[in-house]
Every structure is written in structure tokens, then in C-alpha cells.
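Fold and geometry: a report
Chain residues, written in single-letter form:
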Amino acid sequence: MAEKSGKLRKVSRPPSFKLEIPADETNKQIIMDKMHKVRDRLVQLSNRPVNNREILETVLDKWIEANCQENQARHSIGGSYLKVKKQDVNQKLFITAQKSLMKLVDIASAHGKICDANLKVSRNIHKGHVSSLKLQCLSAEPHKYSWSSSPYLPNGKYFINEKINHAFDCSGMLPSHYTRFCSFSGIGLINKSNREKFYKRHKDSISSEYNESIQTALLEEVGSYETLDGINILTDARHGWRKNTKDTSVVAIGEETHKVIDCIHITKSDDNISQRHEIIGTTKLYEKLERETVNVKTHTHDRNVAVNKFIKSSPLAEETLNQNDTWHAVKKIKPKMQSISSGPLKYKGISWSEQLSDKIEPVVTHFHWCIKNCNNDPQVLRNNLINIINHYKNDHSSCNENSRCKKDPKYEPKRIIITDKIAEKLLRQVIEDSVIYKYPEDFVLAKDTFYVESFNNVMNVFQDKRIAFTDDHYRSRSQLAVCMWNENVDRHFTSVWKARDPRAPRSQRGKKIYKARTYKFRENIWKNYVNSLFQRPRR
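Residues numbered from 1 in each chain as written. Predicted model: local features only at pLDDT ≥ 70, side-chain atom pairs only at ≥ 80, totals over all residues. Heavy atoms only, no water.

- Going by the annotation in an unreviewed UniProt entry, the name recorded for the chain is Mutator-like transposase domain-containing protein, with Tegillarca granosa given as the source organism.

This is how it looks when you write it as C-alpha cells:
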């Protein structure tokens, strides 16, 4: 017993395991030095000895906390839904770019690695639609950062402000509309001075895209004719104001492609009389086409007398056939027919006749039919017009062979048959006083300027007739209208909607539901502008 009690009791060691780390003596020494540094720090903090297990657990826990807690952090911050408080509904708004937003994320991430304090906005300055922020953390020695919601372009301007200016110029928006919209929405505002400075740099890109558009349209128009000996054009003048206009746009559209081949800007510096602007613009158009060696075969317009004279007498248009728009000529017939088909009772049988009361629309339709069926012969056109009287007198000996009144032996007139000499005289007077009867050679081809009138509607998008624009702004807005028209004219449609229109009950054409417009010209203008900024100056 004494011998057993005199022996020392063996102390059992805790279980352990070994880690094999591939390293040479140099790397081994580096790792061991780091282990010693961590051990010394842990001993200092815990005031007790620590072993290698505690060292490894501490280091690994810190790494996992810093790099493997993304899901927990995301759930603690919340999703994208953020409910605004009542006191925050008037907070400042600004526009940001994706690259700038990524930069803000990088700033927050980099700060989180060196500091546990949260960042806050110490200053917010609006510069147009851009916001410039000063950020600092809440630590005792705060870290400070600067961030802008927009990157810079090579000219030192904010990318977002330049892009908004570009959109403003190309949209046709009025300055007053832009100012009100930005002020009411609170997204910032680019002042008039900066907008004007941008426009002076931007207008060259607009002109470049316009010149390319009309040049391409002219080539397409020339190539659309088999003989390649000339083109047919439609022209019209659009005045910038309703009275005593300063600006006039004389537009020329190709008859085949329906694209604008030129839009000439005439001002009072060219001629102080607004009524002479159209003939000046037409002369400049022919001079330009002569330089391009393009001949005009047929020129259709809405019967400007000065343009008629120019085409028939000018050496620039000696091979050109003059034609006038039929719609403008025929529409004047209707009020004249109304004046001879109704009126005061005391003038009945003198200045108007009851037998003409049901012939207002039919006579107008008959005029259109006569123009389209004259076989390009002025005398046939006149004979057809005079035959309107015989037709309503129930004399169909001179009517067209394919007409129902000539083919159907049981034909009965739907209209009141004219038997009164006064009614016949009044109707004859209306027909013979019409410009179509007086100048049938100007209408034998049955041309119209429908596409020019439609283009003028597009011009209204960019040029409000109530607003006085400077010459440069008026010219740029005209060029933008041309670019949009040439890109979208005759675009495809998805369906035709046939609805009864009380204003045109006999119309069977229906309304086309067109595909959405495209605006590639705006992208091209922006590309031209950006290329000019990034173009390196030559040494």
C-alpha cells in the first residue's frame, strides 16, 4: 500500500488533432509569427493563457463574420420596399447614372472595411438634375467622401445634364413646359443660360443629321423612277406665325418616296413681305436641285400664283410641268354651291334655287370625278365639268360610257332634275368661275399635296405658331421635324379601324392603326455630339 501511494498519478491530456500545412521554412516562420501576434493580443484581452485552438477559432470566426453573413445582413436591412413617411414626401429628388450608383456602393463597401460607423449625408447640392453629396461617418475621427450622381464628360460637364439637354432639344418641348415640369416635380432644373450654351454646341449635330437625311431622301427619290430623267415633287410654304410672319419654311417632298428632300428657311431678312417668301424658297429649291443635277418633271403645289408663273416662265423650270392641288381648288366649290342652293326667300329664283339644294356634295364629288377621268386632256376636263349640268337635267348623252346612268336603262335620278333656267344658269356660273374650269391644264394629272399638309402637322410638334423663335432655333426645330418625318413616313400599320364618321358618312377608307414611331435620328444626333467631345484635338 505504501508503495502504491508513493507513485505519481499520470495527468490525462485533452484530445487533439494535427493539421498539415504545405509550406517551406520561410512560410512556416511567417505563419508562426502571425500566430504569436494573435496569441499575444488574445492573452492581453482575456488576461489568461490561450491555446492554438482558440487562436484558430477566433481568426476563423472573424473572417466568417466579415464575409459569410450576406444573407443575414440583407434580411436585417430589408428589401427594396421602403415606405415613405408623411414628412418626407417633399424630399429632394435627383437623377443618377448606373455607373455613379455603382461608385456609391463601392464607397460604402470600402468604408465598411475600415470603419464600423455608419455614413450620413452632410451636404447635398443640386447642379441641374445632378446631386453632389458630401458623406461622412459618425465616428470620433470621421471619414469624409464626395459623390456625384452623374459622371463627367470630357468637356467637364455632367453626363446627365448633357443628356437631358439633348432630350429637351430633340423632343420639341417648349422652354416654359420644361421649366414648369421640372419645378413641379422637384428633379432639379438646368437654367436658361446653360441650356443655351449646350444648344450652341449641339445644333451642329442636328444639322449634320438633317443634311444626311435629306441627301438620302433625294437619292432614294431619284432612284425610284425607271427612266432616271427627273423627279416629281410636292411643295408648300408653312408660315411660322399666323400673321405677318418672320419665318417661313418651304418644304419639298418627293412624290414617290414621300420623304422631304429639302426644307428651306426664309426670313424677313430675305424679304420683308411674308407673301413673297414662298416664291423665294421655291427659287432656292430649284437652284439647289440644279447644282445637284436633278431635273424636276412635275411640280405640284396648292396654287400659289407666283409659283405658277415661275414654273411656266423661269429657265430653271423650263422642263417642268406645273400642277395644282385638286383638294384646295375643289373645296372652294362647296361654299359657292351653298350660296346658290339656299338663302332669303325674297331672293329665291334670283340668287338661289331650290332645285340645287340637294346637289352640294354631289357636285363636289362630280368635280373630283371629272379631274380623275379627263385622260390628261384639258378640253376633256372642261367638257366633263359642263356635262354636270346636263347630267342633273337628266340628259346623259355625254356621260361616260361606264356610268350607271348610261348603262342602266332603268336608271332614275336620285336628285331633283333641273328644269328651271335660273338654276341652270347659277350652276353653270359656279362651274365656269372655278379655277379648275379656267385653268384646266393645271389639274389634268389629278395631283394632291396631302403629304405636304401632313408634314405641316409634324412641324406643329416642334414649332408652335404662337411662339417667336430665333432664327437658329427655328431652323433646328425644322430640321428635327424633317428627320422624324423621313424616318417614320409610310411606316407599316397593324390594322384598319373602320368607324362611321358623321362628318364623312360615305367614307370607306377607314383609319390605319400605325406601328409606334421610331426615333433613331435622336440616337444619331447624340452619337455625333458625343463623338465630337471625345475626338482628340489635332496637334
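A closer look at the overall build of the chain
- Each helix and strand counted, the chain has 20 helices and 10 strands in total.
- Taking 2.2 N^0.38 as the reference for a compact globule, 539 residues should give roughly 24 Å; the C-alpha atoms of the chain span a radius of gyration of 41 Å, well beyond that estimate.
- With respect to the three principal axes, the spread of C-alpha positions in the chain is 165 × 65 × 50 Å.
- Counting the 539 residues in the chain, one finds 36% classified as buried.
- Intrachain contacts of the chain at a sequence separation of at least 6 include 62% that bridge at least 24 residues.
- About 35300 Å² of surface is accessible on the chain, with carbon and sulfur atoms providing 52% of the total.
- Taking the average location of the 91 positive side-chain charges in the chain and that of its 63 negative ones, the two points are 8 Å from each other. (Helix = DSSP H or I, 4+ residues; strand = E, 2+ residues; numbered from the N terminus. Rg over C-alpha atoms; globule rule 2.2 N^0.38 Å. Buried < 20%, exposed > 50% of the residue type's maximum accessible area, 1.4 Å probe, protein only. Contact = heavy atoms within 4.5 Å. Areas by Shrake-Rupley, 256 points an atom, 1.4 Å probe, with all protein chains shown as cover. Lys, Arg positive; Asp, Glu negative; His and termini not counted. Charge placed at Lys NZ, Arg CZ, Asp CG, Glu CD.)

Some thoughts on empty space enclosed by the protein
- Summed over all chains, the structure comprises one cavity of 30 Å³ or more.
- Lining the largest cavity we find Ile214, Gln215, Leu218, Ile261, Asp262, Leu285, Lys288, Leu289 and Glu292.
- Looking at the lining of the largest cavity, the elements with two or more residues in it are helix H8 (192-223), strand E6 (260-267) and helix H9 (277-291).
- A class-by-class count of the residues in the lining of the largest cavity yields five nonpolar, one polar and three charged. (1 Å grid on protein atoms, 1.4 Å probe; cavity = no way out; pocket = protein on both sides within 12 Å on 5 of 7 lines; lining within 4 Å. Points joined across faces, edges and corners; volume = space filled by probe spheres on them. Nonpolar A, V, L, I, M, F, W, Y, C, P; charged D, E, K, R; others polar.)

A short note on the nonpolar core
- Membership of the largest hydrophobic core comes to 29 residues, with the highest contact counts inside it found for Phe367, Leu381, Leu385, Ile431 and Ile436.
- Ignoring sequence-local partners within four residues, the contact set of Ile431 consists of Phe367, Leu385, Ile386, Ile388, Ile389 and Tyr437.
- With 24 residues, the next largest nonpolar core counts Ile214, Tyr451, Leu480 and Trp485 among its residues. (Core = buried A, V, L, I, M, F, W, Y, C linked by side-chain atoms within 4.5 Å.)

Here's the deal with the packing of helix H14 (residues 378-392) against helix H16 (residues 421-433)
- With their axes 10 Å apart at the nearest point, H14 and H16 run at an angle of 160 degrees to one another. As the angle between them shows, H14 and H16 are arranged roughly antiparallel. Helix-helix and strand crossings are classified by hand; for H14 and H16 the assignment is right-handed. Taking contact as the criterion, the partners of Leu385, Ile386, Ile388 and Ile389 in H14 are, on H16, Glu424, Leu427, Arg428, Ile431 and Glu432.
- Broken down by class, the residue content of the contact of H14 with H16 amounts to six nonpolar, no polar and three charged. (Axes fitted to C-alpha atoms, helices over the stretch in contact; angles between N-to-C directions. Parallel < 35°, antiparallel > 145°, perpendicular 65-115°, else oblique. Left-handed = near helix turned anticlockwise from the far one by under 90°.)

Focus on the sheet that holds E6
- An order of E6-E5-E4-E7-E8 is seen for the five strands of this open sheet, with the pairing classed as mixed. With one partner strand each, in any of the chains shown, E6 and strand E8 (321-324) form the two edges of the open sheet. Strand-to-strand twist across the sheet, computed as the mean angle between neighbouring axes with direction ignored, equals 20 degrees.
- The pairing of strand E4 (residues 231-239) with strand E5 (residues 247-254) spans seven bridges and is classified as antiparallel. Bridge pairing in E5 places His239 opposite Thr248. (Pairing = 2+ DSSP bridges.)

A word on the pattern of salt bridges
- The full count for this structure, using the stated rule, is 24 salt bridges.
- Between Glu220 and Lys259 there is a salt bridge, and its shortest N-O distance comes to 2.9 Å. One end of the pair, Glu220, is in helix H8; the other, Lys259, is in the loop between E5 and E6, with 39 residues separating them in the sequence.
- Asp229 is paired through a salt bridge with Lys297; the nearest N and O atoms lie 3.5 Å apart. Of this pair, Asp229 sits in the loop between H8 and E4 while Lys297 sits in strand E7 (residues 296-301); the two residues are 68 residues apart in sequence, bridging distant segments of the chain.
- Residue class for Asp229 comes out partly exposed when judged on its relative accessible area of 42%.
- By relative accessible area, which is 25% here, Lys297 ends up partly exposed.
- A single salt-bridge network, built from bridges that share partners, covers Lys393, Glu424, Arg428 and Glu432. (Salt bridge = Lys/Arg side-chain N within 4 Å of Asp/Glu carboxyl O.)

So, the sheet that holds strand E2 (residues 130-137)
- Ordered by their spatial adjacency, three strands build an open sheet running E1-E2-E3, and the pairing between neighbours is antiparallel. Strand pairing shows two members of the sheet lacking a second neighbour, strand E1 (119-127) and strand E3 (144-148), which therefore form its edges. On average, each strand axis in the sheet is tilted by 20 degrees relative to the strand beside it, whichever way the strands run.
- Here E1 runs beside E2; their pairing, made up of eight bridges, is antiparallel. Counterpart to Arg123 in the pairing with E2 is Lys134.
- Against the sheet, helix H5 (residues 98-114) contacts E1, E2 and E3, and its axis sits at roughly 170 degrees relative to E3.

A word on the packing of aromatic side chains
- A complete count under the given rule lists 12 aromatic pairs for this structure.
- Judged by centre distance (5.2 Å) and plane angle (80 degrees), the rings of Phe450 and Tyr451 are edge-to-face.
- In this structure an aromatic cluster arises from ring pairing among Phe159, Phe198, Trp526 and Tyr529.
- Positioned over the ring face of Phe168 is Arg195, at 5.6 Å from the centre of the ring.
- Note that Arg382 overlies the ring of Tyr437, its terminal NZ or CZ placed 5.2 Å from the centroid. (Phe/Tyr/Trp six-rings, centres within 6.5 Å; stacked < 30°, edge-to-face > 60°. Lys NZ or Arg CZ within 6 Å of the ring centre and 35° of its normal.)

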